[in-house]
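Observations on the model geometry
The residues making up each chain are set out below.
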Amino acid sequence: MSFSNLLNEYIENIGCSSKALSEASGLPASTICRYRAGERVPAKNSPQFESLVRGLFLLAENLDTIEDIKKNFEYEYTSVTNDKNPEFNLYGFKTNLSDLMDRLHMSIREIAEVTNKDISYISRIRAGERKPAEPRKMVEQISDYIIEKYSKKFELEIIAELLDCRISDISGEKNRDYYYNRLFKWLYSDESSPQKYVKQFIHKLDEFNLENYVPEKKLRSGNVTKETEIVYGVESLARLSEGFVESTIRSDSEEPVTICWSSLEESTDIKEYEHLVGNIAYILEKGLHIRSIHLGETPIYEMMKWLEIWLPLYMTGQIESYYIGRDADKIMDRFIMMSGSAVLESEGLHGNKSSYRTYLTRNFDEISHYNKMADVIIDNSNRMISVIDYENKDRRKDFVGRDSSTSGKRKNILSTPPIYTISDDLLSRILIRNEIPEEDRIRIKEYIDSERMRVLGILEKSQIEEYVSVVSKDEYDEKPVFLSLSGLFYEKDIFYTYEEYQEHLELVKEFQNKYKNYLVRLGKDMGFRKIQIFMHEGQWVMVSKNKSPAIHFVIEHPAIRQNMEKMLETFAMNN
């Protein structure tokens, strides 16, 4: 029995409707319908799973205990949803198949011929209007066909991006089994979406407090006497990097430090890699700026893991981030650190730790050569992430000001009501009740007025679509809501009362009724309070944090930006 069949059996035995289960569980009716149709399955022990079980228990009236219901569903996870026999996911299949067809310019007729089906039959499946009679057989046929037909380099690049892996992982006969299994799972069971890595990063950013971050205070090496030094094996990289760091922080040079790397973290033990990043914190403590450059294409899971480890360093506002997206075939991995007093270069075969060779030099001529090379690399790079903090706060005003004059749809995910929709009366009452000094009240009102004017300017020629998290009274009591003033870099918490919060939500609806290009969707609580996400579709994403510290990340890297945009679409669909 599948998860969906068991759910339908419970609903039939209880004698309830999808709507009744939706109300009892707190899950959207559309989500219940997808569970019943087999299009989706909630992750085991997820909040959605717990809510579903609780809803069935409330409606069951002693038919089963909550523990019995859990065990019955958990059995389906172990017996059906596993690596050897994953449960077919219709929603994931039709979504991923459409992406694959669009990117590879495949026609419906082509898929129909491969699977020996009518074109109309494939069209209905692609539209999600019907489920394949033999889904496993159909996915096997499509997977075999894709592997045989689409083997050119540019085609493999497209497929690797969709599967969130490297081209080298799906190239060559030796990787055929891995390639087939990964493609099959992606089509058949909607294997883990790259968006989950983005969500994890957003929640980690929301919880992060720079004041609680204390880097390691002791370097393990003190040997900076040799002009050049060579070591072999990737395990020695972190040790030799300390010599580079010591040379850099002892030097009088104020030159920025440039770091170029490909996928070094994949070959390096995670503890060694985190230690390497910890050493880099000393460079920032000295006040030097760092220019970080990613070389080649990097899967989103690696990119987000890298961002999480680097998060404390980014919070200093001293890092400029770039990328070069050209494919380097991933035969070699390279890592270079360049400052005004030392150069560290490490390279080796991809995934082969023993092949690494690391070179540290303090020779003036070599340093000069490498730093000239760094400037050329920067000139040929694209901005990946720009960090705007209090020290360069005017950059945010300039950035959003310039952007407001350009056309294009904006989509935002907000954990609190948009600040520019608040009335002067409500704002005044909130600020007085929070005992905000008059001087600050004037600053806050001027900031909100300017934000409102900026948004109204955008609405004259473009659409703004916003998804606002709405919290219940219980959720509010557990985690209150406060005004979002990240754009002002005002870090003092200014809390709503729950009644004021409700009043502001009504003002948001009135704002929507007043401006035809403004659309708001009110959805379930997303669990974070300090984060707002602003998007200019196809251009950039800005992740703004209200405090600890107040900071803005402007993301222009295509893969991260696109996955954040997809995350927003998923959020809208589920709410």
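Residues numbered from 1 in each chain as written. Predicted model: local features only at pLDDT ≥ 70, side-chain atom pairs only at ≥ 80, totals over all residues. Heavy atoms only, no water.

Some details on the overall build of the protein
When helices and strands are counted, the protein shows 23 helices and 14 strands. Burial status across the protein gives 53% buried among its 575 residues. Nonlocal contacts in the protein, meaning residues at least 24 apart in sequence, comprise 75% of its contacts between residues at least 6 apart. Of the accessible surface of the protein, which amounts to about 26,400 Å², a share of 48% is contributed by carbon and sulfur atoms. (Helix = DSSP H or I, 4+ residues; strand = E, 2+ residues; numbered from the N terminus. Buried < 20%, exposed > 50% of the residue type's maximum accessible area, 1.4 Å probe, protein only. Contact = heavy atoms within 4.5 Å. Areas by Shrake-Rupley, 256 points an atom, 1.4 Å probe, with all protein chains shown as cover.)

What to know about the environment of D169
With respect to the secondary-structure elements, D169 resides in the loop between α10 (153-163) and α11 (176-189). Separated by ten residues in sequence, D169 and Y179 have C-alpha atoms that sit 7.2 Å apart. When neighbours within four sequence positions are excluded, D169 is seen to be in contact with N175 and Y178.

Overview of helix α2 (residues 18-25)
Looking at α2, one finds that the buried residues are S18, L21, S22 and S25. Down the axis of α2, the smallest arc covering the buried residues is 105°, so these residues share one side. More than 90 degrees from the buried face of α2, the exposed residues found are K19 and E23. Directly after α2, the chain includes G26, whose backbone phi takes a positive value near 85°. (Arc of directions from axis to C-beta.)

Thoughts on unusual backbone geometry
The phi angle of most residues is negative, glycine excepted, and most peptide bonds adopt the trans form. A cis geometry characterises the amide bond from S548 onward to P549, with omega recorded as -5°. The backbone of S548 shows a phi angle near 60°, a positive value even though the residue is not glycine. Among the secondary structure elements, S548 is positioned in the loop between β13 (540-545) and β14 (551-555).

Notes on the packing of helix α9 (residues 135-149) against α11
Relative orientation of the contacting elements α9 and α11 amounts to 135°, with a least axis distance of 9 Å. Comparing their axes, α11 and α9 come out oblique. Between α9 and α11 the crossing geometry is right-handed. Across the interface between the two elements, P135, R136, V139, E140, I142, S143, D144, I146, I147 and E148 from α9 touch R176, Y179, Y180, L183, F184, L187 and Y188 from α11. (Axes fitted to C-alpha atoms, helices over the stretch in contact; angles between N-to-C directions. Parallel < 35°, antiparallel > 145°, perpendicular 65-115°, else oblique. Left-handed = near helix turned anticlockwise from the far one by under 90°.)

Regarding the packing of aromatic side chains
For any pair of aromatic rings, the description rests on two quantities: the centre-to-centre distance and the angle between the ring planes. For the structure on display, the rule yields 17 aromatic pairs. Aromatic pair Y496 and Y501: ring centres 5.9 Å apart, planes at 70°, arrangement edge-to-face. We classify Y496 as buried; its relative accessible area is 2%. What makes Y501 buried here is its relative accessible area of 0%. Ring plane angle 40° and centroid distance 5.9 Å describe the contact between Y498 and Y501, whose orientation is recorded as tilted. One end of the pair is Y498 and the other is Y501, both in helix α22 (residues 498-514) and three residues apart, which spans about a single turn. Clustering of aromatic rings is evident, with ring pairs tying together F88, F93, Y180, F184 and Y188. In this structure, K117 packs its charged tip against the face of Y121, placed 5.5 Å from the ring centre. (Phe/Tyr/Trp six-rings, centres within 6.5 Å; stacked < 30°, edge-to-face > 60°. Lys NZ or Arg CZ within 6 Å of the ring centre and 35° of its normal.)

Focus: the pattern of salt bridges
Under the defined criterion, the tally for this structure stands at 21 salt bridges. Close ionic contact of R443 with D440 constitutes a salt bridge, the shortest N to O distance being 3.6 Å. Separated by three residues within a single helix, R443 and D440 lie in helix α20 (residues 438-459), roughly one turn from each other. The partner of K547 in a salt bridge is D493, with the nearest N and O atoms 3.2 Å apart. Note that K547 is positioned in the loop between β13 and β14 and D493 in the loop between α21 (473-478) and α22, a separation of 54 residues in sequence. Here the salt bridges share partners, and the residues they tie into one network are D424, K445, D449 and R452. (Salt bridge = Lys/Arg side-chain N within 4 Å of Asp/Glu carboxyl O.)

A few points about the pairing of strand β7 (residues 357-361)
Of all the five residues making up β7, four are buried; the element is thus mostly covered by neighbouring parts of the structure. As paired elements, strand β1 (residues 228-232) and β7 share five bridges and run antiparallel to each other. By the bridge assignment, Y232 is partnered in β7 with R357. Two strands pair when backbone bridges link them, and strand β6 (residues 343-349) and β7 are joined in this way by five bridges, in the antiparallel orientation. Its bridge partner being in β7, S346 is matched across the sheet by T358. (Pairing = 2+ DSSP bridges.)

Describing helix α17 (residues 364-379)
Taking 1.5 Å of rise per residue, the 16 residues of α17 would be expected to cover 22 Å, and the 23 Å separating its terminal C-alpha atoms lies within 8% of that figure. All of the buried residues in α17 are I367, Y370, N371, A374, I377 and I378. All buried residues of α17 lie within an arc of 115° about the axis, which places them on one face of the element. More than 90 degrees from the buried face of α17, the exposed residues found are D365, K372 and D379. If you check the start of α17, you find a side-chain oxygen 3.0 Å away from the backbone N of D365, and it comes from N363. (Expected span 1.5 Å × (residues − 1). Polar contact = N/O pair within 3.5 Å; in protein donor to acceptor, adjacent residues only side chain to side chain.)

Some thoughts on the packing of helix α7 (residues 108-115) against α9
Helix packing for two helices is described by the angle between their axes and how far apart those axes are. Two elements in contact, α7 and α9, have axes separated by 9 Å at closest approach and are oriented at 115°. Considered as vectors, α7 and α9 are oriented roughly perpendicular to each other. Taken as a pair, α7 and α9 cross one another with a handedness that is right-handed. Across the interface between the two elements, E110, I111, V114 and T115 of α7 pack against M138, Q141, I142, Y145 and K149 of α9.

What to know about the confidence of the model for the protein
Model confidence for the protein is summarised by a mean pLDDT of 83, while 85% of its residues fall at 70 or above. No element of the protein has a lower mean pLDDT than helix α14 (residues 264-267), which averages 45, and none a higher one than helix α19 (residues 424-433), which averages 97. For the stretch residues 79-84, pLDDT sits under 50, and the model shows eleven contacts to residues farther than four places along the chain or on other chains. Contacts from residues 264-268, a stretch scored under 50 in pLDDT, to residues over four places away or in other chains number 21 contacts. (pLDDT = per-residue confidence, 0-100.)

As for the pairing of strand β2 (residues 257-261)
In terms of burial, β2 is a largely internal element, five of the five residues being buried. Side chains of β2 alternate between two faces, with V257, I259 and W261 and T258 and C260 buried alike. Here β2 runs beside strand β3 (residues 290-295); their pairing, made up of five bridges, is parallel. The partner of T258 across the bridge, within β3, is R291.

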